[in-house]
Amino acid sequence: MKYAQIDSNLFVKNRKKFMAQMKPKSIAVFNSNDIYPIGADSTLPFEQDRDIFYLSGADQEETILLLFPDAIDPKHREILFVRETNDHIAVWEGAKLTKEKATEVSGIETVYWLTEFDKTFFDLMTEADTIYFNTNEHYRQAVETQTREARFIEKCKKEYPAHQWAKSNPILQNIRGVKEPEEIELMQKACDITEKGFRRILEFVKPGVWEHEIEAEFLHEFVRNRSRGFAYPPIIAAGSNANVLHYLENDKEVKDGDMILLDLAAEYANYSSDMTRTIPVNGKFTQRQKQVYSAVLRVKNEATKMLVPGTIWAEFHKEVGKLMTAELIGLGLLDKADVQNENPDWPAYKKYFMHGTSHHIGLNTHDYGELKKPMKANMVFTVEPGIYIPAEGMGVRLEDDVVIQEKGEPFNLMRNIPIEIEEIEELMNK
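Reading the values: rules and limits
- Residues numbered from 1 in each chain as written.
- Predicted model: local features only at pLDDT ≥ 70, side-chain atom pairs only at ≥ 80, totals over all residues.
- Heavy atoms only, no water.
- UniProt positions renumbered as here; feature names shortened; annotations may be inferred.
- Helix = DSSP H or I, 4+ residues; strand = E, 2+ residues; numbered from the N terminus.
- Buried < 20%, exposed > 50% of the residue type's maximum accessible area, 1.4 Å probe, protein only.
- Contact = heavy atoms within 4.5 Å.
- Phe/Tyr/Trp six-rings, centres within 6.5 Å; stacked < 30°, edge-to-face > 60°.
- Lys NZ or Arg CZ within 6 Å of the ring centre and 35° of its normal.
- Salt bridge = Lys/Arg side-chain N within 4 Å of Asp/Glu carboxyl O.

As annotated in an unreviewed UniProt entry, the protein chain carries the name Xaa-Pro aminopeptidase and comes from Flagellimonas halotolerans. Here is the UniProt Catalytic activity (unreviewed entry) comment for the protein chain, exactly as written: "Release of any N-terminal amino acid, including proline, that is linked to proline, even from a dipeptide or tripeptide." Regarding the protein chain, the UniProt comment filed under Cofactor (unreviewed entry) reads as follows: "Mn(2+)".

Take the environment of phenylalanine 381 next. With respect to the secondary-structure elements, phenylalanine 381 resides in strand S14 (residues 380-383). A relative accessible area of 1% places phenylalanine 381 in the buried class. When the C-alpha atoms of phenylalanine 381 and proline 37 are compared, they prove to be 33 Å apart, with 344 residues separating the residues in sequence. Ignoring anything within four residues of it in the chain, the contact list for phenylalanine 381 reads Leu307, Trp313, Ser358, His359, His360, Ile361, Leu371, Met375, Asp400, Asp401, Val402 and Ile404.

Tallied over the entire structure, the rule returns 17 aromatic pairs. Pairing phenylalanine 222 with phenylalanine 230 gives two aromatic rings, centres 5.4 Å apart and planes at 70 degrees, and the pair type is edge-to-face. For the pair phenylalanine 222 and phenylalanine 230, one class covers both residues: buried. Through a chain of ring-to-ring contacts, three or more aromatic side chains come together here, namely Phe81, Tyr112, Phe117, Phe121, Phe122, Phe152 and Tyr160. Here the guanidinium or amino end of lysine 157 rests over the ring plane of tryptophan 165, the centre of that ring lying 4.5 Å away. Here the basic side chain of lysine 189 rests over the ring of tyrosine 268, its NZ or CZ set 5.7 Å away from the ring centre.

A word on the UniProt feature "domain: Aminopeptidase P N-terminal" (unreviewed entry) in the protein chain. Summarizing the sequence annotation, UniProt attributes the feature "domain: Aminopeptidase P N-terminal" (unreviewed entry) to residues 6-142 in the numbering used throughout. This span, residues 6-142, is 31% helix and 20% strand, and a straight line between its end C-alpha atoms measures 30 Å.

Scanning the entire structure with this criterion turns up 35 salt bridges. For glutamate 180, the salt bridge identified is with lysine 17, shortest N-O distance 2.9 Å. Highlighted residues: glutamate 180 in the loop between helix H7 (169-176) and helix H8 (181-204) and lysine 17 in helix H1 (residues 9-19), separated in sequence by 163 residues. The class of lysine 17 is partly exposed, set by a relative accessible area of 22%. Across the pair glutamate 195 and arginine 199 runs a salt bridge, and its minimum N-O distance is 2.9 Å. Pair noted here: glutamate 195 and arginine 199 are both in helix H8, with a separation of four residues, about one helical turn. The buried category is assigned to glutamate 195, whose relative accessible area is 15%.

Here it is, written out as structure tokens:
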């Protein structure tokens, strides 16, 4: 992998947290992702399932992690199964994890070849009462294909009908939401790479360049800094394109007088960053653009202060809605009558700010983490308000990634990425 090897102590800690919440005499199994075909002999680039990575650090296809804290034989309390490698595979596909390297990466002493899984699993299931299945229960999941994990669950239910079933997901939601110091350090690295890309394009952007050229400049900077690339599909939306929240075409020429909404960021070691900035094509905001931009920035700054231990996510969004309502009235986009007559289920401000303000971020851009319980220190959230005005051909969104602290305001992982109007204009015109 491009990234520097992560200290295995992180994965040792993560497994201990997971196993501490398992039922007595239970086994948990985690499968790597499939390699997905495109057609003919082509495949999509492999990306590891984030749960098995979180618990093992194994960033390779055809890998299985088995956790069994109550196994009779101590060496079977943690087992990593990896694809057997040889000289032929190394020539054609590159080096794969040896047993020794798998132990070094994961901190797991017992490493078997994948061909030994069925026999070992059957033996251990005779000691177990419960099997934990790793189902995807993220609130935004929309999986249509059958995953390797889903095939394993289907096979398990058929072959072990007398066992009880449990869900890994509630445990993962609980522990993955609160980040370890090593994880925050990796996310800081992703944010720092994102900063390098943003500073690069501030010198590049001018009237007449194309959205996809800006995308290429970011990608160049990301990859040269040991990122695999974008943490999620990049949005580079000039002018009215910014009013399409998930605009992905990135195929238009940028025009003098317009702004460009840039919602993109680097990954590093499978950890995401998530940034949005909005900049003027010609290096100077108009007076109206400054008004709208400043309103969004004020909402972002005030919303950030609310991200403290004890905050409830749903209530936080209501409070941000009140901030945004006041700003929209100040911009002349709403009046008091609009607010008095609003539908409580779709407040007036939603006409111009229709998405949420914050989500967990980590190994996934929209990461696992509990949303219905009070926020905790070391959770990492985005803060991303926006105002979208199709009638004026503009949209502004600003977004940073912040770490909740035990006391006081969150720590901004993107504190060094330019966001103030004066700094952006200065950098674009130097």
